[in-house]
Amino acid sequence: MSPKTLYDKIWDAHLAHEADDGTCLLYIDRHLVHEVTSPQAFEGLRMSGRKVRAPEKTIAVPDHNVPTTLDRADATTMTEDSRIQVNALDTNAKEFGIHYYPVSDVRQGIVHIVGPEQGWTLPGMTVVCGDSHTATHGAFGSLAHGIGTSEVEHVLATQTLIQKKSKNMKVEITGKLAHGVTAKDITMAVIGKTGTAGGTGYVIEYCGEAIRELSMEGRMTVCNMAIEGGARAGLIAPDEKTFEYCMGRPHAPKGAQWEAALTWWKTLFSDEDAYWDEILVIKAEDIAPLVTWGTSPEDVLPITALVPSADSFTGGKVEAAQRALDYMGLKAGQPLSEVEIDTVFIGSCTNGRIEDLRAAAEILKGKKVKDGIRAMIVPGSGLVRAQAEEEGLADIFKDAGFEWRLAGCSMCLAMNPDQLAPAERCAATSNRNFEGRQGRGGRTHLMSPGMAAAAAITGKLTDVREMM
Amino acid sequence: MEKFNTLTGIAAPMPLINIDTDMIIPKQFLKTIKRSGLGVNLFDEMRYDDDRNEIPTFVLNQDAYRDAQIIIAGDNFGCGSSREHAPWAIADFGITCVIAPSFADIFYNNCFKNGILPIALPQEQIDVLMKDAEKGANARMTVDIEEQTVTTSDGEVFKFEVDTFKKHCLMQGLDDIGLTMEKSASIDTFEAAAQTQRPWV
Ligand code: SF4
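Predicted model, so just to flag it, every value in this text is computed and none were measured. (Residues numbered from 1 in each chain as written. Chains lettered and ligands numbered in written order. Predicted model: local features only at pLDDT ≥ 70, side-chain atom pairs only at ≥ 80, totals over all residues. Heavy atoms only, no water.)

### Things to note about the overall build of chain A
Across its full length, chain A holds 16 helices and 19 strands. For chain A, whose C-alpha radius of gyration is 21 Å, the value lies close to the compact-globule estimate of 23 Å for 468 residues. For chain A, buried positions account for 66% of its 468 residues. Put simply, 76% of the contacts in chain A that link residues at least 6 apart link residues at least 24 apart. Summing over all exposed atoms, chain A offers an accessible surface of approximately 15400 Å²; the carbon and sulfur share of this is 52%. For chain A, the centre of its 47 positive side-chain charges and the centre of its 62 negative side-chain charges are spaced 1 Å apart. (Helix = DSSP H or I, 4+ residues; strand = E, 2+ residues; numbered from the N terminus. Rg over C-alpha atoms; globule rule 2.2 N^0.38 Å. Buried < 20%, exposed > 50% of the residue type's maximum accessible area, 1.4 Å probe, protein only. Contact = heavy atoms within 4.5 Å. Areas by Shrake-Rupley, 256 points an atom, 1.4 Å probe, with all protein chains shown as cover. Lys, Arg positive; Asp, Glu negative; His and termini not counted. Charge placed at Lys NZ, Arg CZ, Asp CG, Glu CD.)

Following this line, the structure appears as structure tokens:
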């Protein structure tokens, strides 16, 4: 048999039909659904009299619109149109008989955190969701990617997706990360190298010692941002850490089925001499704690760097960089570590897991948020929140002056009331710094949870290593 | 879905790279549970000021381009989120063709589901089309999907690539759920086999 990549293996195991022109039907094992991109899809099913083909493989949770304030049980905390969307999901979940975690359920949270936590996401699966950050689930060695609403409807109706195969890219992070450098820095460093379009047409497999060393949480952070590099999906081969994470989760297999699954999962790796269309190697020790300065996730620099000038770029990027500098209110040559911030947001499907909160707490322990800074921590799920309370992290956050919120997407995209005002500057652990992403005119700097915590204390972008 | 055949219309020049889905349709408009009506909010934050007045320098606010049916843009158009609200807004505005050096993957796929033809052409050709588009309303381009060509107002012709299956669906206005359902026997067979091989799924 010819050698295969991990992507090839998962693809082959899910190919339900291949037409003469190479158009394939890929069978989908898990379909995750949230309230923003699904109402039109369910409406489409209703209008054409179709059913959900595999309701037992379909899991829904509201996250984008949901308020994260402690009073959210009171329905008036939501705007009218948000309420309509969340109610539509409630109704659709019941009517079509799919798994559902309502706002009132302690397991509710961001769809990409809930899926793995509940054991829905397992190695070797195909996972889709009407959300680009579905790439997160690739951390388990499952082929996971975002789809549009028409495709959501297609998967609901047929449990398949029309696909053509992507190319294979290997991103190897060799060696060990330096102190204070995290999974977030790895994934930002990769995008800094490839650019936001560099991954277009590829499925990326991340490998190498630095990736193997990461926890499952860290691996999810890495894969989460594969989409920011334009890739269809990000993958990490499953190993003992993956199996250990999955074992005992509510929807993971048990007993003999677990053994059978494990046997197959252990075959899920790229063969030694598999063919790669593209290979990128980065030395872990070359990665420093990073921040973004502009309005594209590729605009990354070490925290020790200076704001670049637009004419240090070439082509269309010159104009884009100037536009970004103007929007961000930054001057070329200004040290990034002197940029003052107004707000700190720790959360999102990139960095809203327990390990992220632990990293933030380590920096915040016994410290105070600088006067005048608005700081919030939004755990990725109700269970992450509960665990953080049990571990005493919540007290550290509250003592430091952080707001300690309920689970949801929150200020990652500001569809709920958590938003930036125009020109308000935010240190954020989320994944997108697009214009207006966190609120119209809002200025976003992306970074790791430790870096965001450090910024909360000093009131400016800060090298976390100075606080460790 | 409307059938796409030949389109002759005004092209709006948008010489920006990385036009992302938050620019195309900001999230405050994602709260709809319908597909229609998003055209007024297409490029909302670039198009209107804080008091909801039109920003005159924005291309689609200029008289020459109000009826544009084509957008010519920079690299990596449609990057960012999977929101299909982006192509819905574009289509609702009346634009059925976007031409750029490259597109983000999910956006590219979403276009075809909504009667929009995304065309990727090399940068040099985009430069020519951009210049042509800058001439305004009198310069009309023609996009012929059958022949896979874009013709400038000066008669210069560029060939483009498009996937045969996608082209077919777009030209026939086909609903691909219906097409897939015709293959449900294959899906049944696959599902039954998968059930024995991977019963835990
Ligand atoms: S946390 Fe942000 S990126 Fe993640 S699913 Fe929610 S809105 Fe999308």
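There is more to say after this.
### Observations regarding the site of the ligand
Taken together, His 64, Ile 110, His 112, Asp 131, His 133, Ser 348, Cys 349, Cys 409, Cys 412, Leu 413, Asn 431 and Arg 437 of chain A form the complete shell of residues around the ligand. Considered class by class, the residues forming the shell around the ligand number 5 nonpolar, 5 polar and 2 charged. (Near = heavy atom within 4 Å. Nonpolar A, V, L, I, M, F, W, Y, C, P; charged D, E, K, R; others polar.)

### Side note on the sheet that holds strand S9 (residues 167-174) of chain A
Residue and element names in this part refer to chain A. Sheet architecture is open: 4 strands sit in the order S11-S10-S9-S12, paired in parallel fashion. If you trace the sheet from one side to the other, it starts and ends with strand S11 (233-235) and strand S12 (278-283), each paired once. On average, each strand axis in the sheet is tilted by 20° relative to the strand beside it, whichever way the strands run. When S9 meets strand S10 (residues 202-207), the two strands line up parallel, connected through 6 bridges. Its bridge partner lying in S10, Glu 172 is registered against Cys 207. (Pairing = 2+ DSSP bridges. Axes fitted to C-alpha atoms, helices over the stretch in contact; angles between N-to-C directions.)

### Structural notes on the packing of aromatic side chains
Aromatic ring pairs are reported here in terms of the distance separating the ring centres and the angle at which the planes meet. One pass over the full model with this rule turns up 17 aromatic pairs over all chains. Taking 5.3 Å as the distance between ring centres and 70° as the angle between the ring planes, the aromatic pair formed by Tyr 108 of chain B and Phe 112 of chain B counts as edge-to-face. Taken together, the residues Tyr 108 of chain B and Phe 112 of chain B, both in helix H4 (residues 105-112) and 4 residues apart, mark about one turn of the helix. You can call Tyr 108 of chain B partly exposed: its relative accessible area is 22%. Here the aromatic residues Phe 243, Trp 258, Trp 264 and Trp 265 of chain A together with Trp 200 of chain B are joined through ring pairs into a cluster of three or more. For the cation-ring pair, Lys 166 of chain B lies above Phe 112 of chain B, with the distance from its terminal atom to the ring centre recorded as 5.7 Å. (Phe/Tyr/Trp six-rings, centres within 6.5 Å; stacked < 30°, edge-to-face > 60°. Lys NZ or Arg CZ within 6 Å of the ring centre and 35° of its normal.)

### What about the pairing of strand S8 (residues 160-163) of chain A?
Residue and element names in this part refer to chain A. Side chains Thr 160 and Ile 162 project from S8 onto one buried face, and the interleaved Leu 161 and Gln 163 project onto a second face that is buried too. Pairing of strand S2 (residues 24-27) with S8 involves 4 bridges; the strand directions are antiparallel. Looking at the pairing, Tyr 27 lines up with Thr 160 of S8.

### Observations regarding unusual backbone geometry
For Ala 423 of chain A, which is not a glycine, the phi torsion comes out positive at approximately 70°. Positive phi, close to 55°, is recorded for Phe 43 of chain B, a residue that is not glycine. Summarising the element assignment, Phe 43 of chain B is placed in the loop between helix H1 (21-24) and helix H2 (44-47). With a relative accessible area of 0%, Phe 43 of chain B lands in the buried category.

### Details of the environment of Asn 41 of chain B
Locating Asn 41 of chain B in the fold gives a position in the loop between H1 and H2. Every residue in contact with Asn 41 of chain B, bar those within four places of it in the chain, is listed here: Ile 24, Ile 25, Pro 26, Phe 29, Arg 47 and Arg 52 of chain B.

### A word on helix H5 (residues 123-133) of chain B
All names here are of chain B. Within H5 the residues assigned to the buried category are Ile 126, Leu 129, Met 130, Asp 132 and Ala 133. End-on, the buried residues of H5 take up no more than an arc of 160°, which puts them together on one face. Exposed residues lying more than 90 degrees from the buried face of H5 are Glu 124 and Lys 131. In this fold, the buried residues of H5 make contact with strand S1 (6-14), strand S2 (70-73), strand S3 (97-100), strand S5 (140-144), strand S6 (149-151) and strand S7 (157-159). (Arc of directions from axis to C-beta.)

### Notes on the state of the cysteines
Scanning the model with the defined rule gives 0 disulfides over all chains in all. We note that Cys 223 of chain A lacks a disulfide partner, and the nearest cysteine sulfur, in Cys 207 of chain A, lies 11 Å from it. Free cysteine Cys 169 of chain B: the closest other cysteine sulfur is in Cys 111 of chain B, separated by 14 Å. Taking relative accessible area as the criterion, Cys 169 of chain B reaches 6% and is therefore assigned buried. (Disulfide = S-S within 2.5 Å.)

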